[in-house]
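# Overview (structure and organization)
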Amino acid sequence: TCPLDALLMEVVEEQQLVAKEKEITLTLNLVDPPLEIEPELQENWFTLLGNWDQLVRLCTNLIGNALQYTSTQGEVQVELARLSGVRYGVACLQIKITDTGVGIPPESLPRLFDRFYRVDPARTHQSRETTTGSGLGLAIAQAIVEHHQGQIQVDSIVGEGTTFTVILPITLEY
Ligand code: ATP
Ligand code: MG
């Protein structure tokens, strides 16, 4: 089992070094469980059945991208929430990573998760520091999400920012 709250705290803490260097505000928001639920469930609110190392890689790739493709003095917000209720069928955890970065043009979205795909830097007016990378990070992220039977989705506006949303089923009885 894997506590995603502890995992995200570790990853965010590690990435604070990068954020500080670029004067980017990096925050983590854990959306608290409702007060009325039992202590046992409170304790396991953010725990799912999953592979710690893979999920660290997933979160590191997404938060790393958010920092890389956001210019100095921007903002990166990470939010972890538990989704429940009939609408979602099984209980799920949702990670949202929102940045105020360069954004992704709509025509690039269909190929974004392809191996080696990178948005042409000229298209999004990226600075030199954002022009290196292998184009594998998101392909790996998607494979990890699929391995956990989850979903990954991206919303972006060029010049305003990008949000990656990952939804992972808990697949544990709590
Ligand atoms: P690496 O393999 O080192 O991560 P990369 O960052 O180029 O290289 P991916 O992480 O797969 O590769 O991302 C693919 C492309 O998607 C990036 O080159 C970039 O153009 C775009 N991209 C990814 N995340 C963001 C983001 N948060 N904001 C803007 N563009 C992004
Ligand atoms: Mg990357």
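Before reading further, recall that the structure is shown in the block above.
Heads up: these notes are all about the structure in this document.

Reading the values: rules and limits
- Residues numbered from 1 in each chain as written.
- Chains lettered and ligands numbered in written order.
- Predicted model: local features only at pLDDT ≥ 70, side-chain atom pairs only at ≥ 80, totals over all residues.
- Buried ≥ 20, exposed ≤ 12 C-beta atoms within 10 Å, placed from the backbone.
- Helix = DSSP H or I, 4+ residues; strand = E, 2+ residues; numbered from the N terminus.
- Pairing = 2+ DSSP bridges.
- Axes fitted to C-alpha atoms, helices over the stretch in contact; angles between N-to-C directions.
- Contact = placed C-beta atoms within 7 Å.
- Core = buried A, V, L, I, M, F, W, Y, C linked by C-beta atoms within 7 Å.

Of the two faces of strand β4 (residues 75-83), only one is covered, namely that formed by V76, V78, L80 and R82; the face formed by E75, Q77, E79, A81 and L83 stays uncovered. In this structure, β4 lies alongside strand β5 (residues 92-99), joined through 8 bridges in antiparallel fashion. The partner of E79 across the bridge, within β5, is K96.

Take the sheet that holds β4 next. Taken together, 5 strands build an open sheet; the order of strands is β2-β4-β5-β7-β6 and the sheet is mixed. Looking at the sheet topology across the chains shown, the edges are occupied by β2 (25-30) and β6 (151-157). Pairs of neighbouring strands in the sheet enclose a mean axial angle of 10°, with direction left out of account. In the packing of helix α1 (residues 4-21) onto the sheet, contacts are made with β2, β4 and β5, and the angle to β2 comes to roughly 170°.

Note that V154 resides in strand β6. Of the residues examined, V154 has 16 C-beta atoms within 10 Å and is grouped as partly exposed. Along the chain, V154 and L112 lie 42 residues apart, while their C-alpha atoms are 9.3 Å from each other. Contacts of V154, omitting those with residues within four sequence positions, involve I104, L109, L112, T162 and F164.

Unusually for a residue other than glycine, E23 sits at a positive phi of about 55°. For E23, the location among the structural elements is in the loop between α1 and β2. We note that Q73 has phi near 70°; this positive angle belongs to a residue other than glycine. Checked against the element boundaries, Q73 lands in the loop between α3 (52-68) and β4. On the basis of neighbour counts, which here come to 10 C-beta atoms within 10 Å, the residue Q73 falls in the exposed class.

Okay, the nonpolar core next. If you look at the biggest cluster of nonpolar residues, it comprises 36 residues, and the most contacted ones within it are L4, C59, L62, I63 and L93. Looking at this core, the elements that each hand over two or more residues are α1, α3, β4, β5, α4 (137-147) and β7 (161-169). Those residues in contact with I63, other than ones at most four positions away along the chain, are V11, V12, Q15, V76, V78 and I97.

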